[in-house]
Amino acid sequence: MKSKVLIIFLSVFIIRLVVSCCDCGETTYTKYTHFNLSVKNIDNSGEDIVVSTDSLIVKTAYGIQLDILRKPIEQESGMSAIAFTSANAVCCECGPEFESTPLDSITDVKVFTINDFNEDYPAGTDISACFNVYTYKSFSSISTYIKNISYVLFYDGYDESYEHTDTYFFRLKINLLLMDTSATSQHPHKFKVQVFLSDGRIFEQETPEINLI
Amino acid sequence: MKSLLLSIVVCCFWAHAFSQDTVSNIVYNKWHIKASAGVNIPLTNFLNGNITDNLIMLNDKPTFHVQYFGFAYFFTKHWGVEADLHVNYQTQKMKENKQNDLKQRIFDEFEDNYFIENKWFLSPKTTSDFSCSLGIVYRIESGSFYFYPKLSVGFKSINVETERLMLKQKNSHNLLELQYAIDNKDIDDFIVYPFSLSTSIGYKLNKKLRLNIDVATSAYYANITFNKSLKNFVTESVDIKQYHYKKTICNLYLGAGLMIVF
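Undergrad: Can you walk me through unusual backbone geometry in this structure?
TA: Only a minority of non-glycine residues have a phi that is not negative, and only a minority of peptide bonds are not trans. Residues and elements named next belong to chain B. With a phi close to 55°, N171 is a non-glycine residue in the positive phi region. Take N171: it is sitting in the loop between β8 (163-169) and β9 (175-182). Residue class for N171 comes out partly exposed when judged on its relative accessible area of 40%. Phi is positive for E236, which is not a glycine, with a value near 60°. Assignment of secondary structure puts E236 in the loop between β12 (209-232) and β13 (238-261). When its relative accessible area of 62% is taken as the criterion, E236 is described as exposed.

Undergrad: It is not clear to me how the interface of chain A and chain B should be interpreted in this structure. Could you clarify?
TA: In many reports, interface size means the accessible area that the parts give up when they come together. Residue-level contacts link 14 residues of chain A with twelve residues of chain B. Interface area for chain A against chain B, summed over the two sides, is near 1,200 Å², with a carbon-plus-sulfur share of 59%. Among the residues of chain A in contact with chain B, A:E47, A:K137 and A:F139 are the three that bury the most area, contributing 49% of the side total. Here chain A and chain B share one salt bridge between them. A salt bridge links A:K137 to B:E177, with the nearest nitrogen and oxygen atoms 3.7 Å apart.

Undergrad: What am I meant to see in the sheet that holds strand β12 (residues 202-206) of chain A here?
TA: For sheets, the rule is that strands pair by backbone hydrogen bonds, running either parallel or antiparallel. Residues and elements named next belong to chain A. Read from one edge to the other, the open sheet built from three strands follows the order β6-β11-β12, with strand pairing classed as antiparallel. Edge strands, defined here as strands with exactly one partner in the open sheet, are β6 (106-113) and β12. Strand-to-strand, the axes of this sheet are offset by a mean angle of 15°, without reference to chain direction.

Rules used throughout
- Residues numbered from 1 in each chain as written.
- Chains lettered and ligands numbered in written order.
- Predicted model: local features only at pLDDT ≥ 70, side-chain atom pairs only at ≥ 80, totals over all residues.
- Heavy atoms only, no water.
- Helix = DSSP H or I, 4+ residues; strand = E, 2+ residues; numbered from the N terminus.
- Buried < 20%, exposed > 50% of the residue type's maximum accessible area, 1.4 Å probe, protein only.
- Contact = heavy atoms within 4.5 Å.
- Buried area = accessible area lost by both parts, 1.4 Å probe.
- Salt bridge = Lys/Arg side-chain N within 4 Å of Asp/Glu carboxyl O.
- Pairing = 2+ DSSP bridges.
- Axes fitted to C-alpha atoms, helices over the stretch in contact; angles between N-to-C directions.

Below, the structure is given as structure tokens:
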């Protein structure tokens, strides 16, 4: 009787052991760099933010989308392979297939108005304070957003949220929403966006011209 | 209405029923178990016409699907204690009606200026609330009939829902979160403490089995407050409007079933 009980207990243990020994692949470690910026006008007058090619946007719903490309530049496959393998032998939670850390980071984002925005912001002035960064259910100042950017990327194969392509490009999309509704509607507006990186590089792009009504 | 009529008829002929039997034949059993089903009739209105009525799973109309279980122990010839459990089923139809009314009222208020998120918390699933009570019961019996008046206190759970959804203002960056909840908490029910006066009357089918009718009135004081909060994610401001439910609620329960004694 005792041996039967022992066998039952052992079988449960063995089954759990077999199931827990997962076939986890090695994590591939990469590094990436920020290497390109493009900017677009966005329209938030509808239910969701959309990139707009229209020449007119309601000023209370205008924004700029920064599309920053990131490119992996180094691959250190299996750097901690032994540690991962032994860890995964008793646990079915495999590590990520890829882990990518940055060589450089964003230190600042500035927006300048190319034309007169209003009386307070003539052409050429820094208008960054008039924009907030929108992430899910959250509006924050540009400086607060930059402090909280999560740079380490974990992903398994194709991950739509990072929209990386077959050549391992990543995108960081930042939606800057215009919170100051006092823009003049007498002439079209155009904005220059500068992204400052920790290695000293500066990306600079201009938005398409837009009439804010 | 038929149940009420039947109860009145039984009460009217009660004296005749008792006069026909000799007291000496009566066997006083110590343990009684009973089960019945019936109708719960609200005698006062709980709901007040506000939008938050739709988040309280009660109707001010009779509820027909009520199950009742009772368990009594008589420690003397006449006196005993009885514990009861009432299960009050809310129909899916009622919840659907409440959900539709809630949606309509939210659409009426916000549809012109806002896009309304199409994810509703309130789901039209059938639920139930329950009440338990413990009381003291007095026994009056004849050879064929019996009459057990009872006084009891207990607690009753009332199902409530929370509704929370996002509103995106048209032509604007404004994003709001609309929430209706008790004290801003996502709770499933609240508890009230009913005081109940009831009686079991019935006919003895044989030594063990009895045909039983329950008539019970109960009263409880409800004091809850729903908050309607509108949180603006841009300004981080929160506007709160309160809906109070401070009332004494009275109910009448009429049910019929079987009782086993031993």
